[in-house]
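# Summary of the model geometry
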Amino acid sequence: MDRLIKKGLIAGIIGLIVITGCKQAAPISEKTSHSTIPVTVSPVRTGQMVTYIELNATSAFLFKAAIKAPVTGFIDNLLVNQGEVVEKNQLLFKIKTKEAKALRGDSLNILKFSGVVDVKAATAGVITSIEHSDGDYVAESDQLCQIAVQGSFAFILDVPFELSGKVKLNAPCEIVLPDSQVIKGIIKSRLPSMVGNSQTERYIVRLAGPKSLPENLSGKIRIVNESVKKAASLPKSSILTNETMQSFWVMKLINDSMAVKVPVSIGISAEEYVQIARPEFKTSDLFLTSGNYGLGDTVYIKVLKTIGNGQ
């Protein structure tokens, strides 16, 4: 009886092992899953890219005419004000000679000698200073006023000597005023001496068109540094780099849900875009502009928005 019980137990154990083994041998179906990163993307933009050098400049009238007294006498009438625009041969002062002043009311002055001399503008321009007022005594050749010749208005550009090779005579430039207004200019000439303290060279920058501006106005002269006529570029946020900034890469879409790391060589940088010198991409290629930091060589993504149009 005991023998039969033992045989039954052994048979039951063997059967259980067989059943368990069969269950473990059966194929297990597992569902593969992966996380996706929300990103924005942009195509390559193609077009001209330009970088500039900005240097300090100050406006000035290069020529000023000094109006001097032709005779000794007294200012009898002052006919202009400082800052007034005058024309050539316009009457500025009347000077009564000291002899005429002495003869005034003299009964012997039968001819009624007035002794008043007119002083006129030798050139058209702006009155920048007036040295005497009504009633002042002036000697012959004393300066009465100064007239700035408007055609001589220019900006004096200060250029560090190491950058002088970037400045070309008769080259166009842009003048950026303190109110952010930009006007066109031309680099006309270079002064033959250095400014001692700053060791800078000075250039004369003329305005390309008429513009009424004051003297001693500080501005910036924007000169072209580098220019690429047909450059492929991406937003700066698309460009990733290592800690030493010696290698660069972008994350490029290979389909609607996956992006891969692509090493690139960069060129010039202008505003918010960086030139991609190598490799050459298609205009239809898309690149991550956000959500791209700290990713591996391949990543699953979900595109939220496409920015830019590649033009």
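Each value, and the rule that gives it
- Residues numbered from 1 in each chain as written.
- Predicted model: local features only at pLDDT ≥ 70, side-chain atom pairs only at ≥ 80, totals over all residues.
- Heavy atoms only, no water.
- Helix = DSSP H or I, 4+ residues; strand = E, 2+ residues; numbered from the N terminus.
- Buried < 20%, exposed > 50% of the residue type's maximum accessible area, 1.4 Å probe, protein only.
- Contact = heavy atoms within 4.5 Å.
- Areas by Shrake-Rupley, 256 points an atom, 1.4 Å probe, with all protein chains shown as cover.
- Phe/Tyr/Trp six-rings, centres within 6.5 Å; stacked < 30°, edge-to-face > 60°.
- Lys NZ or Arg CZ within 6 Å of the ring centre and 35° of its normal.
- Pairing = 2+ DSSP bridges.
- pLDDT = per-residue confidence, 0-100.
- Core = buried A, V, L, I, M, F, W, Y, C linked by side-chain atoms within 4.5 Å.
- Polar contact = N/O pair within 3.5 Å; in protein donor to acceptor, adjacent residues only side chain to side chain.

Our next topic: the overall build of the protein. Tallying secondary structure elements over the protein gives two helices and 21 strands in all. Residue burial in the protein is summarised as follows: out of 311 residues, 33% are buried. Pairs at least 24 residues apart make up 72% of the contacts formed inside the protein by residues separated by at least 6 positions. Accessible area of the protein: about 19,600 Å², with a carbon and sulfur share of 53%.

What follows is about the packing of aromatic side chains. Under the counting rule described, the total for this entry stands at four aromatic pairs. For the ring pair Phe61 and Phe153, a centre distance of 5.3 Å and an interplane angle of 65° mean the geometry is edge-to-face. With Phe61 in strand S2 (residues 45–61) and Phe153 in strand S11 (residues 153–160), this pair connects stretches of sequence that are 92 residues apart. Put simply, the rings of Phe61, Phe153 and Phe155 pair up and form one aromatic cluster. A cation over an aromatic ring shows up here: Arg222 above the ring of Tyr52, its NZ or CZ 5.5 Å from the ring centre. One cation-aromatic arrangement involves Lys261 over Trp249; the distance from NZ or CZ to the ring centre is 4.2 Å.

Assignment of secondary structure puts Lys229 in strand S15 (residues 218–235). Along the chain, Lys229 and Val50 lie 179 residues apart, while their C-alpha atoms are 8.4 Å from each other.

Read from one edge to the other, the open sheet built from four strands follows the order S3-S10-S8-S5, with strand pairing classed as antiparallel. Every other strand in the sheet has two partners, leaving strand S3 (64–68) and strand S5 (85–86) as the edge strands with one partner each. In this structure, S5 lies alongside strand S8 (residues 125–130), joined through two bridges in antiparallel fashion. Bridge pairing links Val86 to Gly125 in S8.

Scored by pLDDT, the protein has a mean of 85; 84% of the residues are at 70 or more. No element of the protein has a lower mean pLDDT than helix H1 (residues 2–25), at 53, and none a higher one than strand S10 (residues 143–148), at 95. Considering only residues more than four positions removed or in separate chains, one finds that residues 22–32, a stretch of pLDDT under 50, has zero contacts.

Relative to strand S18 (residues 258–270), strand S17 (residues 248–255) runs antiparallel, the two being bridged by seven bridges. Pairing of Lys252 across the sheet is with Val260, part of S18. Connecting S17 to the next strand, S18, in antiparallel fashion are two residues. Across three bridges, S18 lies against strand S21 (residues 298–306) in antiparallel orientation. Following the sheet pairing, Met258 is matched in S21 by Tyr300. Linking S18 back to strand S19 (residues 273–278) in an antiparallel pair, the connection comprises two residues, with Glu271 at a positive phi of about 55°.

Glancing now at the nonpolar core. Core analysis: the largest hydrophobic core is formed by 22 residues, its most contacted members being Phe155, Leu157, Ile175, Val205, Leu213, Ile221 and Ile223. Of all the elements in the fold, those that place two or more residues in this core are S2, S11, strand S12 (172–176), strand S13 (182–195), strand S14 (200–207) and S15. Every residue in contact with Val205, bar those within four places of it in the chain, is listed here: Ala154, Phe155, Leu157, Cys173, Ile175, Gly185, Ile186, Ile187 and Ile221.

Turning to the side chain of Ser238, a few remarks are in order. Within the element layout of this structure, Ser238 appears in the loop between S15 and strand S16 (240–241). Take Ser238: its relative accessible area is 0%, and that puts it in the buried class. A distance of 3.1 Å separates a polar side-chain atom of Ser238 from the backbone oxygen of Leu288. Excluding residues within four positions of it along the chain, Ser238 makes contact with Trp249, Val250, Leu288, Thr289 and Asn292.

Omega for the bond connecting Arg278 with Pro279 falls within 30 degrees of zero, at -5°, which places this linkage in the cis form. By the element assignment, Pro279 lies in the loop between S19 and strand S20 (286–290). Backbone geometry places Asn89, a non-glycine residue, at a positive phi of 70°. Position of Asn89 among the secondary structure elements: in the loop between S5 and strand S6 (91–97). The backbone of Asn170 shows a phi angle near 65°, a positive value even though the residue is not glycine.

Our focus in this paragraph is the environment of Phe155. Along the chain, Phe155 falls in strand S11. Considering only alpha carbons, one finds Phe155 and Phe61, 94 residues apart in sequence, at a separation of 8.6 Å. Each residue touching Phe155, except ones within four places of it in the same chain, is listed here: Ala57, Thr58, Ser59, Ile175, Leu177, Tyr203, Ile204, Val205, Leu207, Leu213, Leu217 and Ile221.

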